[in-house]
Amino acid sequence: MTEPAAGGPAPVRILVCDDHVVVRAGLLALLDSAPGIEVVGEAGTGEEALALAARLAPDVVLMDLQLGAGIDGVETTRRLTTGTPTTGAPTAGTGRAPHVLVLTTYDTDADITRAIEAGATGYLLKAERPEELFAAIHAAAQGRTALSGPVAGRVMANLRKPRPALTDRERDILAQLATGLGNREIARALFISEATVKTHLRRIYDKLGVDTRAGAVAVAKEQRLLP
């Protein structure tokens, strides 16, 4: 890391969270050469990232989405950005939550939506050039949004496209889905068969452009399709 000039701004304090040891090592080596950036910790799980953030109070957490066992990057992001990442105590006693910059290989609409709704300040793909990553870290530290070009394109496309037309029954099932009910419970609640629920879910997935229950709920919230 390049030391700041005397009297200059303090470096951006970074916590890196990625479950791949080799990837983490590469990021640490890369960030060590970045001007105005200081890596203060590294984590391999969401739980570890929460504990370290509470202790180290980083300015920015560089967050992967898929973290193997335990909570994923989206849930970790949500807990970090609320300012209560562990047991209710604000981060390191400062009352200031870190900004989260997602750095991932996943760029599906559902992943982007879930991360942004969880409070991520930025969303970058791992294919970005180092200069773009450094700039995004500094932007995130200032609370400014930083998006990879492809991600920004997806966000704009989603804003422009019309909201999907769901039937009343599909909206009913989607609302039940958002409460966390399984297919059998939804069928009982709506007095329909489980097979009918599955049929409607397939149609909902097709209309929303997703392939998971969590993705459907995330897109539905984003497009205000839920009551």
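Here the structure is a predicted model, which is why all the values come from computation and not from measurement.

Trainee: Break down the pattern of salt bridges for me, citing the residues and quoting the values.
Mentor: Scanning the model with the defined rule gives eleven salt bridges in all. In this structure, Arg169 and Asp172 form a salt bridge, with 3.9 Å as the shortest nitrogen-oxygen distance. Highlighted residues: Arg169 and Asp172, both in helix α7 (residues 168-178), separated by three residues, approximately one helical turn. Classification of Arg169 as partly exposed rests on a relative accessible area of 30%. Look at Asp172 and you get partly exposed, because its relative accessible area is 36%. Taken together, the salt bridges that share partners define one network made up of Asp18, Asp64 and Lys126.

Trainee: Residues and numbers for the pairing of strand β4 (residues 99-104), please.
Mentor: Buried residues dominate β4, accounting for five of its six residues. Across four bridges, strand β3 (residues 60-63) lies against β4 in parallel orientation. By the bridge assignment, Met63 is partnered in β4 with Val102. In terms of strand pairing, β4 meets strand β5 (residues 122-125) through four bridges, oriented parallel. What sits directly across from Thr104, in β5, is Leu125. Each parallel crossover has a hand, and for β4 linked through helix α4 (residues 109-117) to β5 it is right-handed.

Trainee: So, the pairing of strand β1 (residues 12-17): which residues are in play, and what are the values?
Mentor: Here β1 lies mainly inside the structure; five of its six residues are buried. In this sheet, strand β2 (residues 37-43) lies alongside β1 in parallel orientation, the contact comprising six bridges. Following the sheet pairing, Val12 is matched in β2 by Ile37. Pairing analysis gives four bridges linking β1 to β3, with the strands arranged parallel. Paired with Cys17 across the bridge in β3 is Met63.

Trainee: I'd like a description of helix α10 (residues 213-222), backed by residues and values.
Mentor: Helical geometry note: an α-helix holds 3.6 residues per turn, so side chains three or four residues apart project in the same direction. Considered for burial, the residues of α10 that qualify are Gly215, Ala216, Val217, Ala218, Val219 and Ala220. Of the surrounding elements, those touching the buried residues of α10 are α4, α7 and α9 (194-208). Capping of α10 at its N-terminal end is provided by Thr212; its side-chain oxygen lies 2.9 Å from the backbone amide nitrogen of Gly215. With its phi angle positive at about 55 degrees, Arg224 sits one or two positions after the end of α10.

Trainee: Run through the packing of helix α2 (residues 46-56) against helix α3 (residues 73-81), naming residues and quoting values.
Mentor: Packing of α2 against α3 brings their axes to within 9 Å, and their N-to-C directions diverge by 15 degrees. One way to sum up the angle between α2 and α3 is to call them roughly parallel. Relative to α3, the crossing made by α2 is right-handed. Of the residues in α3, those in contact with Gly46, Ala49, Leu50 and Ala53 of α2 are Thr76, Arg79 and Leu80. Residue composition of the contact of α2 with α3, grouped by class: four nonpolar, two polar and one charged.

Trainee: Describe the side chain of Thr104, and please don't skip the residues or the numbers.
Mentor: Among the secondary structure elements, Thr104 is positioned in strand β4. The buried category is assigned to Thr104, whose relative accessible area is 0%. Those residues within four positions of Thr104 in sequence are excluded, and the remaining contacts are Asp64, Leu65, Tyr123, Leu124, Leu125 and Lys126.

Trainee: Lay out the sheet that holds strand β6 (residues 146-147) in plain terms, naming residues and giving numbers.
Mentor: Strand order in the open sheet formed by six strands is β2-β1-β3-β4-β5-β6, with parallel pairing between adjacent strands. At either end of the open sheet lies a strand with only one pairing partner, and these are β2 and β6. Its contacts with the sheet put helix α1 (residues 21-32) on β1, β2, β3 and β4, and the angle it makes with β2 is roughly 165 degrees. Against the sheet, α2 engages β1 and β2, with an angle of about 135 degrees to β2.

Rules of the game
- Residues numbered from 1 in each chain as written.
- Predicted model: local features only at pLDDT ≥ 70, side-chain atom pairs only at ≥ 80, totals over all residues.
- Heavy atoms only, no water.
- Salt bridge = Lys/Arg side-chain N within 4 Å of Asp/Glu carboxyl O.
- Helix = DSSP H or I, 4+ residues; strand = E, 2+ residues; numbered from the N terminus.
- Buried < 20%, exposed > 50% of the residue type's maximum accessible area, 1.4 Å probe, protein only.
- Pairing = 2+ DSSP bridges.
- Right-handed = clockwise from strand over helix to strand, strands pointing away.
- Contact = heavy atoms within 4.5 Å.
- Polar contact = N/O pair within 3.5 Å; in protein donor to acceptor, adjacent residues only side chain to side chain.
- Axes fitted to C-alpha atoms, helices over the stretch in contact; angles between N-to-C directions.
- Parallel < 35°, antiparallel > 145°, perpendicular 65-115°, else oblique.
- Left-handed = near helix turned anticlockwise from the far one by under 90°.
- Nonpolar A, V, L, I, M, F, W, Y, C, P; charged D, E, K, R; others polar.

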